[in-house]
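Listed below, chain by chain, are the residues.
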Amino acid sequence: AARSAEQSHALAETVAQRCESVHTNLRKLLVEEDAGLPVDRQLQAIQHGLQALASTGREDTERWRTEAQRWHSTQQSAVAEVERAQSRTTEVQGEVTKLKEEVVGLTNQLLTARRQVEDAQHAPAGVVFARVRSIEKRGRLKIDRQTGQVEVLAGLDFAPCKPTPGAPATDFKDPDAAASALADLAEVWGLFDGPVHTELALKPGKGGKPEFWDRLAAAQARFLQGELERAGVPAHLLTSTGQQAAGGALPGLHFALKRDVFAEAFLRDPLMAYGWRML
């Protein structure tokens with residue numbers, strides 16, 4: 001803009017000088033009749049000069065107009081770029097604030113975890129049984145602290161299966177409820193970190209041969225073992241058996257946590273090391 005003002009000023013001075021030259025020549029014509037050229041020739045020369053001056057002025061005006069438009073466009077682009085930079089700066093500041101809040105949250109979680117670890121180091125058994133109580137409050141499991149038996153109160157019911165010639169189907173009645181119960185079982189296992197045995201005794205349904213119900217019980221037991229593995233229990237710590245309940249045996253699903261802390265009760269009465277749930 002400053003450059004355009006200087007150029008406009010220079011143009012104005014040029015026009016003023018040419019006008020002064022025209023005025024001088026006119027005065028000479030009016031005062032000196034014996035000029036070197038006839039008056040009409042002098043007037044023609046003046047007219048040509050004025051025309052050239054007008055043409056030059058128009059060209060200069062157009063050139064300065066184009067230059068001004070270009071500078072105006074450049075200014076608008078610069079303003080838009082500044083606005084974009086300011087907007088991005090605001091976004092970055094928001095992201096930084098969010099990250100700071102996340103860091104504060106993670107720091108608090110870390111401090112809480114450290115306190116829990118310290119508490120567990122001072123009284124590990126108390127922490128374990130507090131976790132057991134917390135799991136039991138969810139209403140899906142009941143754990144015997146003396147025998148290691150785990151009773152499933154809800155969630156692991158299988159859908160009814162009719163006798164078929166092929167492989168029997170093994171599906172839970174409620175997959176979501178089963179997933180929650182299995183997650184609870186895996187959490188209990190994590191507190192003791194030892195072998196887990198699953199034993200399933202299936203009550204035979206109507207129809208079908210005994211061989212079918214044995215196959216179904218074994219398939220359901222293997223299915224439960226696989227689901228526990230997917231829930232986080234290592235495969236090498238899992239065992240399972242399944243068969244139909246016969247000879248007066250009670251049908252049910254039994255889980256046993258086989259750790260030294262429960263070994264004495266297990267040796268005294270092996271059946272007490274299983275949690276029973278009627279199917």
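Up top is the structure these notes are about.
Residues numbered from 1 in each chain as written. Predicted model: local features only at pLDDT ≥ 70, side-chain atom pairs only at ≥ 80, totals over all residues. Heavy atoms only, no water.

Caption draft 1: Spatial organisation of the pattern of salt bridges. Taken as a whole, this structure holds ten salt bridges when the rule is applied. For R65, the salt bridge is made with E62, and the minimal N-O distance between the two is 2.6 Å. With R65 and E62 both in helix α2 (residues 39-122) and three residues apart, the pair spans about one turn of that helix. A residue is classified by how much of its surface remains accessible, and E62, at 42% relative accessible area, is partly exposed. Between R230 and E227 there is a salt bridge; the shortest N-O distance is 2.3 Å. One end of the pair, R230, and the other, E227, are both in helix α5 (residues 210-230), three residues apart, so they sit about a helical turn from each other. Its relative accessible area of 62% is what places R230 among the exposed residues. When salt bridges that share partners are traced, they join R131, R138, R140, D184 and E187 into one network. (Salt bridge = Lys/Arg side-chain N within 4 Å of Asp/Glu carboxyl O. Helix = DSSP H or I, 4+ residues; strand = E, 2+ residues; numbered from the N terminus. Buried < 20%, exposed > 50% of the residue type's maximum accessible area, 1.4 Å probe, protein only.)

Caption draft 2: Structural detail: empty space enclosed by the protein. For the structure on display, the rule yields one cavity of 30 Å³ or more. Reported here for the largest cavity is a volume of approximately 60 Å³. The wall of the largest cavity is formed by V150, L185, A186, W189, V196, L228, V233, F255 and L257. A per-class count over the lining of the largest cavity returns nine nonpolar, no polar and no charged. (1 Å grid on protein atoms, 1.4 Å probe; cavity = no way out; pocket = protein on both sides within 12 Å on 5 of 7 lines; lining within 4 Å. Points joined across faces, edges and corners; volume = space filled by probe spheres on them. Nonpolar A, V, L, I, M, F, W, Y, C, P; charged D, E, K, R; others polar.)

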